[in-house]
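Descriptive analysis of the structure
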Amino acid sequence: MFNRYNWIAAGSIYRKEVVRFMRIWVQTLVPPAITMSLYFVVFGSLIGKRIGDMGGFNYMDYIVPGLIMMSVITNSYANVASSFFSSKFQRHVEELLVAPVPNGFILMAYVAGGVTRGILVGLLVTVVSLFFTDMEIHHLGIIVLVVVLTAILFSLGGMINAIFAKKFDDISIIPTFVLTPLTYLGGVFYSINLIPEFWQKVSLANPILYMINAFRYGFLGISDIDVVTALGLIGGFIVLLTGFNLYLLNKGIGLRS
Amino acid sequence: MLALDIKGLKKTYKNGFEALNGIDLQVKQGDFFGLLGPNGAGKSTTIGIITSLVTKTGGTVSVFEHDIDKSLSEAKRCIGLVPQEFNFNLFEKAIDIVVSQAGYYGVPRKKAQERAEYYLQKLGLWDKRNERSRFLSGGMKRRLMIARALAHDPKLLILDEPTAGVDIELRRSLWGVLEEINQQGTTIILTTHYLEEAESLCRNIAIIDNGDIIQNTSTKALLAELDSETFVFDIDPVAVYYPKLDGVQHRYVNDHTLEVDVRREDDLNQLFVQFSANDIHVKSMRNKANRLEELFVRLVGQPVPGVKVGGEHV
Ligand SMILES: Nc1ncnc2c1ncn2[C@@H]1O[C@H](COP(=O)(O)OP(=O)(O)OP(=O)(O)O)[C@@H](O)[C@H]1O
Ligand SMILES: [Mg+2]
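Residues numbered from 1 in each chain as written. Chains lettered and ligands numbered in written order. Predicted model: local features only at pLDDT ≥ 70, side-chain atom pairs only at ≥ 80, totals over all residues. Heavy atoms only, no water.

Thoughts on the packing of aromatic side chains
Threshold: Ring geometry is summarised as follows: Phe, Tyr and Trp rings, the Trp one being its six-membered ring, pair when their centres sit within 6.5 Å, and such pairs are stacked at plane angles under 30 degrees, edge-to-face over 60 and tilted between the two. Partly exposed describes any residue whose relative accessible area lies between the buried limit of under 20% and the exposed limit of over 50%, with all areas from a 1.4 Å probe on protein chains only and scaled to the type maximum. Secondary structure elements follow DSSP: runs of H or I of four or more residues count as helices, runs of E of two or more count as strands, with numbering from the N terminus. Ring-over charges, as used throughout, are those where CZ of Arg or NZ of Lys falls within 6 Å of the ring centre and within 35 degrees of the ring normal.
In this structure the tally under the stated criterion is 17 aromatic pairs over all chains. Between Tyr184 of chain A and Phe189 of chain A, the aromatic rings sit 5.7 Å apart at their centres with planes inclined by 35°, giving tilted as the arrangement. When its relative accessible area of 31% is taken as the criterion, Tyr184 of chain A is described as partly exposed. Given a relative accessible area of 10%, Phe189 of chain A falls into the buried group. With a centroid separation of 5.4 Å and 85° between ring planes, the pair formed by Phe272 of chain B and Phe275 of chain B is classed as edge-to-face. With Phe272 of chain B and Phe275 of chain B both in helix H9 (residues 268-277), this residue pair falls three residues apart, about one helical turn. The exposure class of Phe275 of chain B is buried, given its relative accessible area of 2%. By way of ring pairs, the aromatic residues Tyr39, Tyr184 and Phe189 of chain A are connected into one cluster. The ring of Tyr5 of chain A carries Arg77 of chain B above its face, with NZ or CZ at 4.2 Å from the centroid. Of note, Arg171 of chain B hangs over the ring of Tyr194 of chain B, and the distance from its end group to the ring centre comes to 3.8 Å.

Side note on the confidence of the model for chain B
All names here are of chain B. Formally: Scored between 0 and 100, pLDDT is the confidence that the predictor attaches to each residue. The criterion used for residue contact is that any of the two residues' heavy atoms lie within 4.5 Å.
Here chain B averages 89 in pLDDT, and 95% of its residues register 70 or above. Here residues 303-314 is a poorly scored stretch, pLDDT under 50, and it has 29 contacts once near neighbours within four places are set aside; other chains count. As scored by the predictor, the complex reaches a pTM of 0.87 and an ipTM of 0.89.

Brief notes about the coordination of the magnesium ion (ligand 2)
Our working definition: Note on donors: an N, O or S atom is included if it sits within 2.8 Å of the metal, or within 3.2 Å for Na, K and Ca, and water is never included, so sites can look incomplete.
For the magnesium ion (ligand 2), the protein coordination sphere consists of Ser44 of chain B (OG) and Gln84 of chain B (OE1), at 1.9 to 2.1 Å. Here Ser44 of chain B is found in helix H1 (residues 43-50), whereas its partner Gln84 of chain B is found in the loop between strand E6 (79-82) and helix H3 (94-104), with 40 residues between them in sequence.

Describing the domain arrangement of chain B
Residue and element names in this part refer to chain B. Stated precisely, the cut-off is as follows: Boundaries of every domain are those given by an automatic assignment or by a domain database. Once two parts are brought into contact, the accessible area they lose, counted with a 1.4 Å probe and summed over both, makes up the buried area. We count a salt bridge whenever a side-chain nitrogen from Lys or Arg sits within 4 Å of a carboxyl oxygen from Asp or Glu. Think of a polar contact as two N or O atoms within 3.5 Å of one another; within protein, one of them needs to be a possible hydrogen donor and the other a possible acceptor, and neighboring residues in sequence only count if both atoms come from side chains. Gly counts as polar in this scheme, as do all residues outside two lists: the nonpolar Ala, Val, Leu, Ile, Met, Phe, Trp, Tyr, Cys and Pro, and the charged Asp, Glu, Lys and Arg.
The domains assigned to chain B are domain 1 (2-218) and domain 2 (228-300). A C-alpha centroid distance of 40 Å is found between domain 1 and domain 2. The interface of domain 1 with domain 2 comprises 12 residues on the first partner and seven residues on the second. Approximately 830 Å² of surface area, both sides summed, lies buried where domain 1 meets domain 2, with 73% of it carried by carbon and sulfur atoms. When the buried area of domain 1 at its contact with domain 2 is split by residue, Leu195, Glu199 and Ile207 rank highest and sum to 56% of it. At the surface where domain 1 touches domain 2, the tally comes to zero salt bridges. Taken together, the links from domain 1 to domain 2 amount to zero residue pairs in polar contact (both at pLDDT 80 or more). No other element matches helix H7 (residues 195-201), which puts four residues into the side of domain 1 that touches domain 2. Of the residues contributing to the side of domain 1 that touches domain 2, the split by class is seven nonpolar, two polar and three charged.

Quick notes on the interface of chain B and chain A
Contact residues are listed per partner, giving 31 residues for chain B and 23 residues for chain A. Here chain B packs against chain A, burying approximately 2600 Å² in sum over the two surfaces, 51% of which is carbon and sulfur. Among the residues chain B hides against chain A, the three largest losses belong to Leu53, Asn87 and Tyr104 of chain B. Together they make up 27% of the total. Taken together, chain B and chain A are joined by two salt bridges. Arg148 of chain B is paired through a salt bridge with Glu95 of chain A; the nearest N and O atoms lie 2.7 Å apart. Seen at the junction of chain B and chain A, the total is 14 residue pairs in polar contact (both at pLDDT 80 or more). Where the side of chain B that touches chain A is concerned, the elements lending two or more residues are helix H2 (72-78) and H3 of chain B.

Section: the sheet that holds E6 of chain B
Residues and elements named next belong to chain B. The test is simple: In this analysis, strands are considered paired if DSSP registers two or more bridges between them. The axes used here are C-alpha line fits, helices contributing only the stretch in contact, and every angle between their N-to-C directions lies in the interval 0 to 180 degrees.
Reading across the sheet, the six strands line up as E6-E7-E8-E3-E9-E10 and stay open at both edges, with mixed pairing between neighbours. Where the open sheet ends on each side, the last strands, each with one partner, are E6 and strand E10 (212-218). This sheet shows a mean twist of 15° between the axes of neighbouring strands, independent of strand direction. In the sheet, strand E3 (residues 32-36) pairs with strand E8 (residues 187-191) via four bridges, with the strands oriented parallel. Residue pairing in the sheet places Phe33 in a bridge with Ile189 of E8. Packed on one face of the sheet, H1 meets E3, E6, strand E7 (156-160), E8 and strand E9 (204-209) and runs near 145° to E7.

With respect to a nonpolar patch on the surface
Residues and elements named next belong to chain A. This is how it is decided: Patch membership requires over 30% relative accessible area and the absence of a salt bridge. Like charges are linked within 9 Å, and nonpolar side chains (Val, Leu, Ile, Met, Phe, Trp, Tyr) within 5 Å. What sets the accessible areas is the Shrake-Rupley method with a 1.4 Å probe; for residues, cover comes only from the shown protein chains.
Together, Val41, Val42, Leu46, Ile47, Ile51, Val127, Phe131 and Phe132 give the surface a local cluster of nonpolar side chains, amounting to about 700 Å² of exposed area. Broken down by element, the nonpolar patch gets its largest block of residues, five residues, from helix H3 (residues 30-51). Judged by relative accessible area, Leu46 falls into the exposed class, the value being 55%.

Concerning the site of ligand 1
All names here are of chain B. Just so we agree on the cut-off: Near is defined per residue: the residue qualifies when any heavy atom it owns lies within 4 Å of the molecule or strand.
Near ligand 1 there are 15 residues, and of these Asn39, Gly40, Lys43, Ser44 and Thr45 occur at the shortest range. One of the backbone N or O atoms of Gly42 is found 2.9 Å from an oxygen atom in ligand 1. Take Thr45: an N or O atom from its side chain is 2.5 Å from an oxygen atom of ligand 1. In the complex, 69% of the free accessible area of ligand 1, which totals 640 Å², lies under the protein chains. In terms of residues, the shell around ligand 1 owes the most to one element, H1, which gives three residues. Residue composition of the shell around ligand 1, by class: five nonpolar, eight polar and two charged.

Regarding the side chain of Ser87 of chain A
Residues and elements named next belong to chain A. Looking at the element boundaries, Ser87 is found in helix H4 (residues 59-89). Looking at Ser87, the relative accessible area reads 0%, which means it is buried. Those residues in contact with Ser87 that sit more than four places away from it in its chain are His92, Val93 and Tyr110.

Some points on H3 of chain A
All names here are of chain A. Let me state the cut-off plainly: Fitting axes to the seven residues ending at a residue and to the seven starting there, one defines the bend at that residue as the angle between these axes.
At Gly44, H3 shows its maximal kink, close to 25°. All buried positions along H3 are accounted for by Pro32, Ala33, Met36, Tyr39, Phe40, Gly44 and Gly48. Tucked into the core, H3 has its buried residues touching helix H2 (25-28), H4, helix H6 (103-129) and helix H8 (170-184). Trailing H3 by a residue or two, Gly52 shows a phi angle of about 85°, which is positive.

This is the structure in structure tokens:
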């Protein structure tokens, strides 16, 4: 399991993953930077001035962490989902299937690729946000921990999506119908304290709420929910999805006939 | 030692189709082995199971004594696969494809680059190393698949129709490459629809039809089973009547083409004597089909698709 061969193999896959998204940087790195700049301009600068404070901070500062997180989530998920699915579609996944790489290492390498893109885009959006606001940092450790764990979690999610996907549409359904709504309703733009109590309770069932709030805590030192609970939740989901992925890969679902 | 040992291998696909009905197949280390059979016979299914791209329904497979159920990684490490269909990442460069593949087998990057250079040179693709795979011609893609399969120096090279759609000149140069690799000790298993290819490369041949092995012997023994060959004679147009020949099966295809079935014990000289006596002027002659092809048609009961009937000139 821990022989050198497996690490070399995982390294090769990881390298290929990074080369892939860097080669198509116009599709992978630029769009999130542009979208997020628009959010900053429209919601932060223009509308934000009228909204006033949120959670004791000016609106721009309040939404920046959520928007960074949103791009990390979307990009880590999309990277693994589209890369692994297209390897199935073009059949070069067979290059991996015939080779003696344990499934755990394949998974690890793809997830590492997703995390790398997620964090790279996150950094890019952070840099863009500096044109609109002065970044505060309350607790750097929390920021790094939350962003890495979240990127891992959504890379794992993207992998599951790719394993089940049979056509290209199948890898955009979950992002469109699940991830985007959960992110928008996950407290990127507002504190759940502003909404009726019933909906606050409902919101607590949304895992993304925990990630965004924990991340925001790292910057501003405020959160709608307990940060430790949030970290525990993300960790729990990571364990769960890793197990599920390994089960699917070992069974060869969608891969072997 | 056996490079490949298959016992009672069965495959039923999810749709209920039985592609393999329990086949047995042994390939010795160092052999050059041909797996032949008509379209849909089960060749690629067999290869898919050996290389773990297809799951088996029953039976056992061992590669260099590593059972794929018990020590799959060790078995995989021995094999290099050239699949029937192109399966590249279309956007990747030729050299990266080979280097990455070596990496998946645990070959350190520097070594992988050396191997990639060696095999791309050998297969005449070095000039195209920085080309994205989708811009390569069909023949180049075939060669790239061979280079990729060799990148980790496998002990067993399995090629599923490596020369499909490859021109004659290139095919012959690929044969040379494969023979050289085999001489250096690599066991080779190959499927092909070009029986001339099997005849000139393979020492042993198995024929599979409808999921069963119907022949499994040496190429020599197989050809020895062929007790007659059909020759085609191009002759000067016969004028009024078609002369009848004694003692041989023959037919006139038209007024200037004559086919004769020559049994092994027949004397070709005798035949020419009859031609002269009957005023038949032979302009040229050839085998109707490659010898193995002829045998194949008899065993499987249908001509091999994709093969132009009509073989070498003598
Ligand atoms: N995924 C699949 N699902 C169902 N049936 C399949 C599948 N793959 C192959 N088959 C069937 O199994 C049989 C054997 O196919 P296989 O690809 O092994 O043939 P082959 O000998 O390689 O033929 P060819 O010379 O045309 O490549 C065929 O009848 C084919 O239709
Ligand atoms: Mg086939």
